[in-house]
Amino acid sequence: MPTNRKIPLRKCIATGEMFPKKEMIRVVRSKEGEVTVDPTGKKSGRGAYVSKSATAIQAAKEKNVFERQLQVEIPAHIYDDLLAIVQKETRI
(Lines give C-alpha, C1' and ligand atoms only; values in the text may rest on other atoms or scores of the structure.)
Protein backbone atom coordinates (compact mmCIF):
# COMPACT_ATOMS: atom_id res chain seq x y z
CA MET A 1 0.00 0.00 0.00
CA PRO A 2 1.61 3.30 -1.07
CA THR A 3 2.16 5.86 1.64
CA ASN A 4 1.64 9.53 1.01
CA ARG A 5 4.80 11.47 1.69
CA LYS A 6 4.63 14.93 3.12
CA ILE A 7 5.73 17.55 0.58
CA PRO A 8 7.92 20.23 2.20
CA LEU A 9 6.61 23.75 1.60
CA ARG A 10 8.63 26.96 1.56
CA LYS A 11 7.52 30.60 1.54
CA CYS A 12 8.55 32.86 -1.34
CA ILE A 13 10.21 35.95 0.12
CA ALA A 14 8.96 38.13 -2.75
CA THR A 15 5.30 37.15 -2.94
CA GLY A 16 4.66 35.52 0.43
CA GLU A 17 3.05 32.46 -1.19
CA MET A 18 3.77 28.90 -0.10
CA PHE A 19 5.09 26.49 -2.75
CA PRO A 20 6.60 23.00 -2.72
CA LYS A 21 10.35 23.16 -2.15
CA LYS A 22 11.03 21.68 -5.61
CA GLU A 23 9.29 24.67 -7.26
CA MET A 24 11.54 27.22 -5.52
CA ILE A 25 15.07 28.51 -6.00
CA ARG A 26 17.28 28.94 -2.94
CA VAL A 27 19.83 31.71 -2.46
CA VAL A 28 22.42 30.97 0.24
CA ARG A 29 24.73 33.08 2.37
CA SER A 30 27.70 31.10 3.68
CA LYS A 31 29.40 31.73 7.01
CA GLU A 32 32.04 33.74 5.16
CA GLY A 33 29.34 36.06 3.78
CA GLU A 34 29.49 34.73 0.21
CA VAL A 35 26.12 34.71 -1.58
CA THR A 36 25.37 32.04 -4.19
CA VAL A 37 22.39 30.53 -5.98
CA ASP A 38 21.69 26.98 -4.76
CA PRO A 39 19.59 25.09 -7.32
CA THR A 40 19.94 21.81 -5.38
CA GLY A 41 18.77 23.31 -2.08
CA LYS A 42 21.43 21.45 -0.11
CA LYS A 43 24.29 23.91 0.42
CA SER A 44 25.04 24.81 3.99
CA GLY A 45 24.31 28.31 5.18
CA ARG A 46 21.44 30.72 5.64
CA GLY A 47 18.96 30.37 2.80
CA ALA A 48 16.04 32.29 1.35
CA TYR A 49 13.60 30.98 -1.25
CA VAL A 50 12.02 32.68 -4.24
CA SER A 51 9.51 31.15 -6.63
CA LYS A 52 10.55 30.23 -10.15
CA SER A 53 8.95 33.20 -11.90
CA ALA A 54 10.50 36.29 -13.44
CA THR A 55 7.96 38.56 -11.75
CA ALA A 56 8.83 37.21 -8.30
CA ILE A 57 12.55 37.70 -8.95
CA GLN A 58 11.97 41.27 -10.17
CA ALA A 59 9.84 42.00 -7.09
CA ALA A 60 12.59 40.61 -4.84
CA LYS A 61 15.14 42.83 -6.56
CA GLU A 62 13.00 45.98 -6.28
CA LYS A 63 12.11 45.39 -2.61
CA ASN A 64 15.67 44.27 -1.62
CA VAL A 65 14.17 41.36 0.30
CA PHE A 66 17.24 39.13 -0.16
CA GLU A 67 19.41 41.78 1.49
CA ARG A 68 17.06 41.94 4.47
CA GLN A 69 16.65 38.19 4.80
CA LEU A 70 20.32 37.27 4.39
CA GLN A 71 21.64 40.45 6.05
CA VAL A 72 24.31 40.98 3.39
CA GLU A 73 24.60 43.02 0.18
CA ILE A 74 23.48 41.01 -2.84
CA PRO A 75 25.59 41.27 -6.03
CA ALA A 76 23.68 42.07 -9.24
CA HIS A 77 24.82 38.85 -10.91
CA ILE A 78 22.75 36.81 -8.43
CA TYR A 79 19.54 38.21 -9.92
CA ASP A 80 20.88 37.50 -13.43
CA ASP A 81 21.62 33.89 -12.41
CA LEU A 82 18.11 33.51 -11.00
CA LEU A 83 16.52 34.84 -14.19
CA ALA A 84 18.71 32.52 -16.29
CA ILE A 85 17.53 29.51 -14.28
CA VAL A 86 13.88 30.52 -14.73
CA GLN A 87 14.30 31.08 -18.48
CA LYS A 88 16.09 27.75 -18.89
CA GLU A 89 13.33 25.85 -17.10
CA THR A 90 10.51 27.55 -19.02
CA ARG A 91 12.08 26.51 -22.34
CA ILE A 92 12.12 22.83 -21.36
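From a predicted model like this one, the values you see are computed outputs, not experimental measurements.

(A) Local environment of a nonpolar patch on the surface. Together, Ile 7, Leu 9 and Met 18 give the surface a local cluster of nonpolar side chains, amounting to about 310 Å² of exposed area. Here Met 18 shows up in strand β2 (residues 18-20).

(B) Structural detail: the environment of Glu 32. Summarising the element assignment, Glu 32 is placed in the loop between β3 (24-29) and β4 (35-38). With relative accessibility at 69%, the residue Glu 32 sits in the exposed group. Along the backbone, Glu 32 and Arg 46 are 14 residues apart, and their C-alpha atoms lie at a distance of 11 Å.

(C) Molecular detail of helix α3 (residues 76-91). In this model α3 runs 23 Å from its N-terminal to its C-terminal C-alpha over 16 residues, within 8% of the 22 Å that 1.5 Å per residue would give. All of the buried residues in α3 are Ile 78, Tyr 79, Leu 82, Leu 83 and Val 86. Summarising the axial view, the buried residues of α3 lie within an arc of 135°, below the 170-degree limit, and thus occupy one face. For α3, the exposed residues set more than 90 degrees away from the buried face come down to Ala 76, Lys 88 and Arg 91. Among the structural elements, β3, β4, β5 (46-51), α1 (54-63) and α2 (65-70) are those in contact with the buried residues of α3.

(D) Spotlight on the sheet that holds β5. Read across the sheet, 3 strands follow the order β4-β3-β5 without closing on themselves; strand pairing throughout is antiparallel. Lying at the two open borders of the sheet, with one neighbouring strand each, are β4 and β5. Across the sheet, the mean angle separating the axes of adjacent strands is 25° when strand polarity is ignored. Here β3 pairs with β4 via 4 bridges, running antiparallel. Bridging from a neighbouring strand, Arg 26 pairs with Asp 38 of β4.

(E) Structural detail: unusual backbone geometry. Despite not being glycine, Asn 64 has its phi angle at roughly 55°, a positive value. Relative to the helices and strands, Asn 64 resides in the loop between α1 and α2. The backbone of Gln 71 sits at a positive phi, close to 55°, despite the residue not being glycine. With respect to the secondary-structure elements, Gln 71 resides in the loop between α2 and α3. Exposure remark for Gln 71: the relative accessible area of 67% places this residue in the exposed category.

What counts and how
- Residues numbered from 1 in each chain as written.
- Predicted model: local features only at pLDDT ≥ 70, side-chain atom pairs only at ≥ 80, totals over all residues.
- Heavy atoms only, no water.
- Patch = residues over 30% accessible without salt bridge, like charges linked within 9 Å, V, L, I, M, F, W, Y side chains within 5 Å.
- Areas by Shrake-Rupley, 256 points an atom, 1.4 Å probe, with all protein chains shown as cover.
- Salt bridge = Lys/Arg side-chain N within 4 Å of Asp/Glu carboxyl O.
- Helix = DSSP H or I, 4+ residues; strand = E, 2+ residues; numbered from the N terminus.
- Buried < 20%, exposed > 50% of the residue type's maximum accessible area, 1.4 Å probe, protein only.
- Expected span 1.5 Å × (residues − 1).
- Arc of directions from axis to C-beta.
- Contact = heavy atoms within 4.5 Å.
- Pairing = 2+ DSSP bridges.
- Axes fitted to C-alpha atoms, helices over the stretch in contact; angles between N-to-C directions.

It is worth stressing that arrangement in space is one thing and function is another; only the former is reported here.
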